[in-house]
Amino acid sequence: MELTDQQLVEAYKAGDPHAFAHIVRRHKPRLAYIARRYAKNEQDTQDILQEALFKASRKMHTYRAEATLSTWLHRLVMNTGYDHMAAGRKRMRDISIDDTDRVSVDANPLLAHDPTTGVERAIVLRQAIEALPTAQRTALLLIDVAGLTVERAAREMGVKPGTVKSRRSRARQAVAKAVGEPGEKAV
């Protein structure tokens, strides 16, 4: 069953990255036709279309369905085409090799990804685990990383379950302190 434009928009807003691809496939031929009106060549057409679709993906949360999705996308392509033409005139005067423009965080946080998030904390966490005494580190890694039960970890380490529990508890407290968190929630 083919989803309607409104269903695809709602799916995209809910975090489905494939929904937008369906919207693009459905509307791209018509939007490319509109973009050609503002372009000098096929490369410009593709640039306008790509920029308009990028804007659509980032601004989809502003679409209110007061007009059809195709009308909303049509308007985005037209506005992007106008901007492209104006920028072309400006580029003839100002040519720069610096690309200092920054893209703000995605408007749809469900689809946004920042690969550097948590890197510092991960480094501190790793260093804290490496600084633990061997017995505590082993207990922590066997249970919290490898997923073994306390009993299984005790057999692996050749000690009683109570010993594994206390080593793990001390390890968790030390790691939590090292990463600056109260209690045992660090691991």
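In the block above lies the structure referred to throughout.
Residues numbered from 1 in each chain as written. Predicted model: local features only at pLDDT ≥ 70, side-chain atom pairs only at ≥ 80, totals over all residues. Heavy atoms only, no water.

Remarks on unusual backbone geometry
Negative phi values dominate among residues other than glycine, just as trans dominates among peptide bonds.
At step 1: The backbone of Ala65 shows a phi angle near 60°, a positive value even though the residue is not glycine.
At step 2: Along the polypeptide, Ala65 turns up in the loop between α3 (42–59) and α4 (69–93).
At step 3: Judged by its relative accessible area of 39%, Ala65 is partly exposed. (Helix = DSSP H or I, 4+ residues; strand = E, 2+ residues; numbered from the N terminus. Buried < 20%, exposed > 50% of the residue type's maximum accessible area, 1.4 Å probe, protein only.)

Here's the deal with the side chain of Asp44
At step 1: Looking at the element boundaries, Asp44 is found in helix α3.
At step 2: Excluding residues that lie within four positions of it along the chain, Asp44 makes contacts with Ala39 and His84. (Contact = heavy atoms within 4.5 Å.)

Regarding the pattern of salt bridges
At step 1: Under the definition given, this model contains eight salt bridges.
At step 2: Residue Arg36 is joined to Glu42 by a salt bridge in which the shortest nitrogen-to-oxygen separation is 3.4 Å.
At step 3: Between Arg172 and Asp144 there is a salt bridge, with its nearest N and O atoms 3.2 Å apart. Here the residue Arg172 occupies a position in helix α8 (residues 161–179), and Asp144 occupies one in helix α6 (residues 134–145), the gap between them amounting to 28 residues.
At step 4: The buried category is assigned to Arg172, whose relative accessible area is 12%.
At step 5: Each of Glu2, Asp5 and Arg26 takes part in one network of salt bridges that share partners. (Salt bridge = Lys/Arg side-chain N within 4 Å of Asp/Glu carboxyl O.)

Here we look at helix α1 (residues 5–13)
Given 3.6 residues per turn, any residue in an α-helix points the same way as the ones three and four places further on.
At step 1: For α1, the set of buried residues is Asp5, Leu8, Val9 and Tyr12. In an axial view of α1, the angular spread of the buried residues amounts to 100°, which keeps them on one side of the axis.
At step 2: After α1 finishes, the residue Gly15 shows a positive phi value of roughly 110°. (Arc of directions from axis to C-beta.)

With respect to the environment of Leu49
At step 1: As for its placement among the helices and strands, Leu49 is situated in helix α3.
At step 2: In this structure, the C-alpha to C-alpha distance between Leu49 and Val77, residues 28 residues apart in sequence, is 6.5 Å.
At step 3: Not counting chain neighbours up to four residues away, the residues in contact with Leu49 comprise Lys28, Leu31, Ala32 and Ala35.

What to know about helix α2 (residues 17–36)
At step 1: The end-to-end C-alpha separation of α2 is 27 Å, in line with the 28 Å expected for 20 residues at 1.5 Å each.
At step 2: Of all the bends in α2, the greatest reaches close to 55° and is centred on Lys28; the proline Pro29 follows between one and four positions later.
At step 3: Along α2, the residues classified as buried are Ala19, Phe20, Ile23, Val24, His27, Leu31, Ala32, Ile34 and Ala35.
At step 4: Capping of α2 at its N-terminal end is provided by Asp16; its side-chain oxygen lies 2.9 Å from the backbone amide nitrogen of His18. (Expected span 1.5 Å × (residues − 1). Bend = angle between axes of the 7 residues up to and from the residue. Polar contact = N/O pair within 3.5 Å; in protein donor to acceptor, adjacent residues only side chain to side chain.)

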